[in-house]
Amino acid sequence: MADGRYPLPDDVTTGADARLLDDALSPKVRAAYLVRRGRGVVDPEASARALGEALAAAGVKVHENAEATGFRSTGGRLTALRTAQGEIPCSALVVVAGMRSPGLLRALGGPLPLQAGKGSSFSVDLDPAPRHTLYFGERRAVASPIGGSTRIGGTMELSGNNNRLDRRRVVAVALANRHCLGRWFDDPDDLVGLIRDPWVGGRPFLPDGLPVVDRVPGHDNAYAATGHGMPGVTPGPVTGHRLAEYVVTGRRSDVLSPFRFDRLRS
């Protein structure tokens, strides 16, 4: 959603009609437009569950709750991943660990200047609830219908690669969207009884804003795919496809050239 301070597309709905696009919008919203392609939201739990089921159906063994603690290598090639549950032999390895990637890559001698941009979110039951994913551009917040409830998120916090939840950030997210969703609470203290599942997660950022999708320097069969930042999981399928080609054939596609490790050292 937007107001008169921001450029708008030609099919924008303005004035009182803006609220007709979604009943959850506050009468204070004076301009809005509808993106008709796709839902604009990914349910992370449903997505992970579906991926796990697809992998299992393809004969892939998934090791859950197995924290990676190190690696075993011979002659520049990794031969096993060390975990809290024991070693897992490997012929190739890809580090795809988001903001936890630097620690694993440091153990492989491939330091990565990655910083987590932390966002906060929570669930709440609204009446009326949004029927669409609502982006409040000027408020830097979003409200998404997920799992029969509304998930509200926002902010960008740079406070290290950790998952410490700051309640002040949760309150800030709630206050930021109240203009667009109406006065669904009167006082920040009300939030204790209204919100569920407060959460914080880090978007992995590299200095130039591009991810790393490349072979780890010094290792023949170790790769990394991380640092996708704000796009989140959406580039996952194409990243996996191109990286799989690289792992299997040993040839790096030209499309991966901008995402090399060595660009970060120049």
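The sections below set out a description of the structure shown in this document.

Rules used throughout
Residues numbered from 1 in each chain as written. Predicted model: local features only at pLDDT ≥ 70, side-chain atom pairs only at ≥ 80, totals over all residues. Heavy atoms only, no water. Pairing = 2+ DSSP bridges. Helix = DSSP H or I, 4+ residues; strand = E, 2+ residues; numbered from the N terminus. Axes fitted to C-alpha atoms, helices over the stretch in contact; angles between N-to-C directions. Patch = residues over 30% accessible without salt bridge, like charges linked within 9 Å, V, L, I, M, F, W, Y side chains within 5 Å. Areas by Shrake-Rupley, 256 points an atom, 1.4 Å probe, with all protein chains shown as cover. Salt bridge = Lys/Arg side-chain N within 4 Å of Asp/Glu carboxyl O. Buried < 20%, exposed > 50% of the residue type's maximum accessible area, 1.4 Å probe, protein only. Contact = heavy atoms within 4.5 Å. Expected span 1.5 Å × (residues − 1). Polar contact = N/O pair within 3.5 Å; in protein donor to acceptor, adjacent residues only side chain to side chain. Core = buried A, V, L, I, M, F, W, Y, C linked by side-chain atoms within 4.5 Å. Arc of directions from axis to C-beta.

**Considerations on the sheet that holds strand S8 (residues 134-136)**
Moving on, step 1. Taken in spatial order, the five strands line up as S8-S9-S10-S7-S11 in an open sheet, and their pairing is antiparallel. Strands at the two margins of the open sheet, each flanked by one partner only, are S8 and strand S11 (196-205). Taken pair by pair, the neighbouring strands of this sheet meet at an average axis angle of 20°, ignoring direction.
Moving on, step 2. With six bridges joining them, strand S7 (residues 115-124) and strand S10 (residues 149-157) adopt antiparallel strand pairing. Following the sheet pairing, Ser 120 is matched in S10 by Gly 154.

**Observations concerning the pairing of strand S5 (residues 86-89)**
Moving on, step 1. Examined bridge by bridge, strand S4 (residues 77-83) and S5 share four bridges and lie antiparallel to one another. Across the sheet, the residue bridging to Ala 80 is Pro 89, located in S5.
Moving on, step 2. Between the antiparallel neighbours S4 and S5 lie two residues.

**Focus on a nonpolar patch on the surface**
Moving on, step 1. On the surface, Leu 51, Leu 55, Val 60 and Val 62 cluster together to form a nonpolar patch covering roughly 320 Å² of accessible area.
Moving on, step 2. Examined against the element boundaries, Leu 51 turns out to sit in helix H1 (residues 44-57).
Moving on, step 3. On the basis of relative accessibility, which here comes to 52%, the residue Leu 51 falls in the exposed class.

**Overview of the pattern of salt bridges**
Moving on, step 1. Applying the stated criterion across every chain yields a total of 11 salt bridges.
Moving on, step 2. Across the pair Glu 157 and Lys 118 runs a salt bridge whose closest N-O atoms are separated by 3.8 Å. Within this pair, whereas Glu 157 is found in strand S10, its partner Lys 118 is found in strand S7, the two being separated by 39 residues in sequence.
Moving on, step 3. Taking the relative accessible area as the measure of exposure, Glu 157 reaches 9% and is therefore buried.

**With respect to the environment of Tyr 33**
Moving on, step 1. Mapped onto the elements, Tyr 33 comes out in the loop between strand S2 (31-32) and H1.
Moving on, step 2. A relative accessible area of 35% places Tyr 33 in the partly exposed class.
Moving on, step 3. Placed 20 residues apart in sequence, Tyr 33 and Thr 13 show a C-alpha to C-alpha distance of 5.8 Å.

**Points about the sheet that holds strand S12 (residues 212-215)**
Moving on, step 1. Reading across the sheet, the three strands line up as S6-S13-S12 and stay open at both edges, with mixed pairing between neighbours. Sheet topology places strand S6 (93-95) and S12 at the edges, where each strand pairs with a single neighbour. Strand-to-strand, the axes of this sheet are offset by a mean angle of 15°, without reference to chain direction.
Moving on, step 2. Summarising the sheet, S6 and strand S13 (residues 222-226) pair through three bridges and their orientation is parallel. Pairing of Leu 93 across the sheet is with Ala 222, part of S13.
Moving on, step 3. Against the sheet, helix H5 (residues 236-249) engages S6, S12 and S13, with an angle of about 165° to S13.

**Description of helix H3 (residues 167-181)**
Moving on, step 1. With 15 residues, H3 extends 20 Å from end C-alpha to end C-alpha; this agrees with the ideal 21 Å at 1.5 Å per step.
Moving on, step 2. Of the positions making up H3, those classed as buried are Val 170, Val 171, Val 173, Ala 174, Ala 176, Asn 177, Arg 178, Cys 180 and Leu 181.
Moving on, step 3. Where H3 is buried, its residues meet S7, S8, strand S9 (141-146), S10, helix H4 (191-194) and S11.
Moving on, step 4. Following H3 by one or two positions, Gly 182 adopts a phi angle in the positive range, close to 90°.

**Digging into the side chain of Asp 214**
Moving on, step 1. Its location among the elements puts Asp 214 in strand S12.
Moving on, step 2. Among the polar contacts listed, one links the side chain of Asp 214 to the backbone nitrogen of Phe 261, at a separation of 2.9 Å.
Moving on, step 3. Excluding residues within four positions of it along the chain, Asp 214 makes contact with Tyr 223, Ala 224, Tyr 246, Arg 252, Phe 259, Arg 260 and Phe 261.

**Thoughts on the nonpolar core**
Moving on, step 1. Of all hydrophobic cores here, the largest spans 24 residues; its most connected members are Phe 122, Leu 134, Phe 136, Ile 152, Leu 181, Trp 184 and Leu 191.
Moving on, step 2. Of all the secondary-structure elements, those providing two or more residues to this core are S7, S8, S9 and H3.
Moving on, step 3. Looking at this core, the element that brings in the most residues is H3, giving seven residues.
Moving on, step 4. Not counting residues up to four positions away in its chain, the partners in contact with Ile 152 are Ser 120, Ser 121, Phe 122, Val 124, Leu 126, Val 142, Ala 143, Val 173, Asn 177, Leu 181 and Trp 184.

**Some details on H5**
Moving on, step 1. Along its 14 residues, H5 runs 20 Å from first to last C-alpha, staying within 8% of the 20 Å computed at 1.5 Å per residue.
Moving on, step 2. Listed as buried for H5 are Thr 239, Leu 243 and Tyr 246. The buried residues of H5 occupy an angular sector of 50° when projected down its axis, which confines them to one face. Exposed side of H5, more than 90 degrees from the buried face: Pro 237 and Val 248 are the residues found there.
Moving on, step 3. Structurally, H5 contributes buried residues whose contacts are with S6, S12 and S13.
Moving on, step 4. Looking one or two residues past H5, Gly 250 carries a phi angle of roughly 80°, positive in sign.

Note that every value here comes from positions in space, so none of it alone points to a role or purpose.
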